[in-house]
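# Survey of secondary and tertiary structure
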There are 2 protein chains.
Amino acid sequence: MPQSAPKMKDVAKLAGVSIKTVSRVLNNEPHVKEELRDKVKSAVEELGYVPSANARSLRSNRGYTIHFIIHNNRSNYVNAIQAGIIKACQDNGYQLIVSMIMDSQNLSKKQIEEKLSRLPTLGVPDGAILVSPLSNDERINTTLKDMGVPIARIGPNDIDDDQIEVKINEREAAREITQYLIDSGHTRIGFIRGKEDQNATIERYAGYKQALLDSRILLDESLVYSGNFEFEGGLKAGEKLLDMEKPPQAVFAANDDMAAGVLSAAHRKGISVPSELSVVGFDDSEIADKMWPTLTTIRQPLLELGETATNLLIARSQKLSGIEPQKYLPHKLVVRESVKQPAHID
Amino acid sequence: MPQSAPKMKDVAKLAGVSIKTVSRVLNNEPHVKEELRDKVKSAVEELGYVPSANARSLRSNRGYTIHFIIHNNRSNYVNAIQAGIIKACQDNGYQLIVSMIMDSQNLSKKQIEEKLSRLPTLGVPDGAILVSPLSNDERINTTLKDMGVPIARIGPNDIDDDQIEVKINEREAAREITQYLIDSGHTRIGFIRGKEDQNATIERYAGYKQALLDSRILLDESLVYSGNFEFEGGLKAGEKLLDMEKPPQAVFAANDDMAAGVLSAAHRKGISVPSELSVVGFDDSEIADKMWPTLTTIRQPLLELGETATNLLIARSQKLSGIEPQKYLPHKLVVRESVKQPAHID
DNA sequence: CTGAAAGCGCTTACAG
DNA sequence: CTGAAAGCGCTTACAG
């Protein structure tokens, strides 16, 4: 049996100082002689001492925790972000606590408050991280702010305040991938929108329009359908697009799931991708390289998004100055097989 | 500003009892008169009192936390399980703490101990939940046991002790889906194995063999390839299988990712699925219904797996008796489009 | 069946 | 620059 874990008292005894000095060293406070500091550090090392987060939180009423609040899972998306959050937490000695608020739309304000009020039982968290759709939920944001919990939102959203936001430039990314389609020789390009109330839909559509404008291609609204960000939506929109008298040469679906639907629609109709139809998506989700053909799409740095949000939140809780609330991270065009390339001319 | 959260003291005052009585009611201890119990409960309700997990843990040295320790993400799989864990935690007033141990193979025993020793900073957790591949890591299991942390493992694994295990009957599920292929008129059925050192591979292969045996179909080892549970592996194995002089009529890939690879191999060769080749997978992962054609596969009740593991862990930590350490949950054959059905005879 | 006292392991003022 | 005392909000023995 392992004997009971060492306490701060034990470290103090071994180092020959008071526990207060140990506490100071551990919290990187100033006003400790280098010599004592070193002694304490060796004692910590020797005993394998790990501070009790509970005792610490209880006294200081800070959680040394980051809360990640998720909706029903957006699967790969949420998961990759979570990996980044965990990484940043571990780097900084924080614990990650994950909770879930399902169908927040159907909860009363009181229920939301109740849900969130259980959150600080381990001390007031140093921050809460929200992703869509919760990041867009007015009541969740307000309740957290009222509780004094700093928020970091990941991804596109519609709320305008001084909380931290980390995201990619969706509009620019959408413009780029549309431009790629144009550069590959396409002019009749369909677009499938996502959920109508989401900023991601608006931004990606704006990027699509921008690229057309840049190349002086007239926007043809009959080539634009809505697909709700879901496979089924993409499938149906794809079928309509392909049934047109003059179908598009390429389709830009506002996310990968819908792009998968377009691919299915094409296969069902015996239309070959990419030789007869080019398709691109957005997200580079788990399915993107497992389709046939593999999907050209936009990759968001999901892990880095989570990591950055967490680091900013921690920095802010430590009252470091000069933290910009808005941060854009670079995206990347991932070229695979789903776009037809112009015949090579030697 | 919200005034500071109510304490047990406040509840006691409002209910007109000692704080000890409040504590007893909150912890469902016996020996409290119904009348007082009700008074306390109303007071808790009225004040919206939520106990401080920190204070509680500090005194009792229990965490009221469940730790979910994950490897690099197995994406949808881990995510769905996590949703179940969160649900059970919330139902029982526990918090979920997630940590990650990457490439445990390359860590020294000491590093693993160090990683895990940070785990009980919020009080000794009531349990740790492990999924493959960490659930198979001898050193992680041993270290947790030495720390006195009960373990629940989800999914197939190779360790034999009295810790909790929740899983489906992989062998039986594999037998069923193979039988489904046979019932659909196939006799030449290829099999693609997963990672060779994993129990899942062994069990699923055993189920495949059993079904063949049951139908007196001779096992043809030339129809069995290895694919490492990955898309690429499935693609390559699929190509080899389809290049055979006498290719199989159907392929059972030991997971969906590999099945996606087989579909791609078929498409690339212009072989139509399911009319010329039937394909089935295992997992019903996120991609299964986004392929073309959609994939017939086995669904594990992932959310329930996580939920059950957590509930058992909590029950065990409360020393409830009669908890069976091994629990099998029902799987389900999900029939979609990737298997050819015999021509209907009127 | 109920309660007053002690204490979990830290950090927060406060002194020196 | 360092330390002795008090206290965070609960639960654990212990009494009655």
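Quick summary incoming for the structure in this document. Remember, predicted model here, so these are calculated numbers, not experimental data.

### Some remarks on the interface of chain A and chain B
At the junction of the two partners, chain A supplies 46 residues and chain B supplies 46 residues. Buried surface at the junction of chain A and chain B, both sides included, amounts to about 4200 Å², of which 54% is carbon and sulfur. On the chain A side of the contact with chain B, Asn54, Lys290 and Trp292 of chain A bury the most area, a combined 15% of that side's loss. Run the count over chain A and chain B and you get two salt bridges. Of the charged contacts, one joins Glu337 of chain A and Arg268 of chain B as a salt bridge, the two residues approaching to 3.3 Å between their closest N and O atoms.

### Remarks on the protein's contact with DNA strand C
Near DNA strand C you find 23 residues, and of these Lys7 and Lys20 of chain A together with Thr21, Leu36 and Arg59 of chain B are the closest. Protein-adjacent atoms of DNA strand C, using a 4 Å cutoff, are sugar or phosphate at a proportion of 61%. Within the side chain of Lys7 of chain A, an N or O atom sits 3.0 Å from a phosphate oxygen of DNA strand C. Separating a base nitrogen of DNA strand C from a backbone N or O atom of Ala55 of chain A is a distance of 3.4 Å. Mapped onto the surface near DNA strand C, the elements with two or more residues apiece are α2 (19-26) and α4 (53-60) of chain A together with α2 (19-26) and α4 (53-60) of chain B. Among the elements that make up the surface near DNA strand C, the one with the highest residue count is α4 of chain A (five residues).

### Description of the protein's contact with DNA strand D
In the neighbourhood of DNA strand D, 22 residues make up the surrounding shell, with Thr21, Leu36 and Arg59 of chain A together with Lys7 and Lys20 of chain B lying closest. When the atoms of DNA strand D within 4 Å of the protein are grouped by moiety, sugar and phosphate amount to 63% of the total. Side-chain polar atom of Thr21 of chain A to a phosphate oxygen of DNA strand D: 2.6 Å apart, as the coordinates give it. Between Tyr49 of chain B and DNA strand D, the recorded distance is 2.8 Å, taken from a side-chain N or O atom to a phosphate oxygen. At the level of elements, α2 and α4 of chain A together with α2 and α4 of chain B are the ones that each hand at least two residues to the surface near DNA strand D. Broken down by element, the surface near DNA strand D gets its largest block of residues, four residues, from α4 of chain B. Looking at the surface near DNA strand D residue by residue, the classes come out as seven nonpolar, seven polar and eight charged.

### Focus: the side chain of Glu165 of chain A
Residue and element names in this part refer to chain A. With respect to the helices and strands, Glu165 occurs in strand β5 (residues 164-167). Given the relative accessible area of 2%, Glu165 is considered buried. Within the local environment of Glu165, its side chain forms a polar contact with the side chain of Gln326, the two groups lying 3.2 Å apart. Setting aside residues no more than four positions away along its own chain, Glu165 makes contact with Arg153, Asn157, Ile159, Pro325, Gln326 and Lys327.

### Overview of the sheet that holds strand β6 (residues 189-193) of chain B
Residues and elements named next belong to chain B. Read across the open sheet, the four strands follow the order β7-β6-β8-β9; overall the sheet is parallel. Unpaired on one side and paired on the other, β7 (224-226) and β9 (278-280) mark the two borders of the sheet. Strand after strand, the sheet turns through a mean of 20° between neighbouring axes, direction not considered. Pairing between β6 and strand β8 (residues 250-253): four bridges, direction parallel. Note on β8: the bridge partner recorded for Ile189 is Ala250. On top of the sheet, helix α8 (residues 170-183) reaches β6, β8 and β9; it is set at about 170° to β8, its chief contact.

### Remarks on the relation of the copies chain A and chain B
With an axial shift of 0.1 Å and an RMSD of 0.2 Å, the rotation relating chain A to chain B amounts to 180°. In the structure described here, the two chain copies are related by an operation that fits a two-fold rotation axis.

### Quick word on the state of the cysteines
Going through the model one piece at a time under the given rule, you end up with zero disulfides over all chains. Free of any disulfide, Cys89 of chain B has its nearest cysteine sulfur in Cys89 of chain A, 17 Å distant.

### Notes on helix α7 (residues 138-146) of chain B
Residues and elements named next belong to chain B. Where α7 is concerned, the buried positions are Ile140, Asn141, Thr143 and Leu144. All buried residues of α7 lie within an arc of 165° about the axis, which places them on one face of the element. Those residues of α7 that are buried lie in contact with β1 (65-70), α6 (109-117), β3 (127-131) and β4 (151-154). Between the side-chain oxygen of the N-cap and the backbone nitrogen of Arg139 there are 2.9 Å, and the N-cap of α7 in question is Asp137. Positive phi appears at Gly148, one or two residues downstream of α7, with a value of about 80°.

### Observations regarding the packing of α4 of chain A against α4 of chain B
Look at α4 of chain A against α4 of chain B: their axes get within 8 Å of each other, and the N-to-C directions meet at 135°. Here α4 of chain A is positioned oblique relative to α4 of chain B, judged by the angle of their axes. Of the two possible hands of crossing, α4 of chain A and α4 of chain B adopt the one that is left-handed. Between α4 of chain A and α4 of chain B, the residues in contact are Ala53, Asn54, Ala55, Ser57 and Leu58 of chain A and Ala53, Asn54, Ala55, Ser57 and Leu58 of chain B, respectively.

### Description of the environment of Met8 of chain B
Residues and elements named next belong to chain B. Position of Met8 among the secondary structure elements: in helix α1 (residues 8-15). Residue Met8 is classed as partly exposed on the basis of its relative accessible area of 22%. Separated by 43 residues in sequence, Met8 and Pro51 place their C-alpha atoms 7.3 Å apart. If we ignore the near neighbours within four places in the chain, the residues touching Met8 are Ile19, Val22, Ser23, Leu26 and Tyr49.

### A look at the nonpolar core
Phe252 and Leu277 of chain A together with Phe252 and Leu277 of chain B are the most contacted members of the largest nonpolar core, which totals 98 residues. Once residues lying within four places of it in the same chain are set aside, the contact partners of Leu277 of chain A are Leu242, Pro248, Gln249, Ala250, Val251, Val262, Ala266, Ile271, Ser272 and Ser338 of chain A. Judged by nonpolar contacts, the second largest core, of 62 residues, contains Met100 and Ile164 of chain A together with Ala152 and Ile323 of chain B.

Cut-offs and rules
Residues numbered from 1 in each chain as written. Chains lettered and ligands numbered in written order. Predicted model: local features only at pLDDT ≥ 70, side-chain atom pairs only at ≥ 80, totals over all residues. Heavy atoms only, no water. Contact = heavy atoms within 4.5 Å. Buried area = accessible area lost by both parts, 1.4 Å probe. Salt bridge = Lys/Arg side-chain N within 4 Å of Asp/Glu carboxyl O. Near = heavy atom within 4 Å. Polar contact = N/O pair within 3.5 Å; in protein donor to acceptor, adjacent residues only side chain to side chain. Helix = DSSP H or I, 4+ residues; strand = E, 2+ residues; numbered from the N terminus. Nonpolar A, V, L, I, M, F, W, Y, C, P; charged D, E, K, R; others polar. Buried < 20%, exposed > 50% of the residue type's maximum accessible area, 1.4 Å probe, protein only. Pairing = 2+ DSSP bridges. Axes fitted to C-alpha atoms, helices over the stretch in contact; angles between N-to-C directions. Least-squares fit on C-alpha atoms with pLDDT ≥ 70 in both. Disulfide = S-S within 2.5 Å. Arc of directions from axis to C-beta. Parallel < 35°, antiparallel > 145°, perpendicular 65-115°, else oblique. Left-handed = near helix turned anticlockwise from the far one by under 90°. Core = buried A, V, L, I, M, F, W, Y, C linked by side-chain atoms within 4.5 Å.

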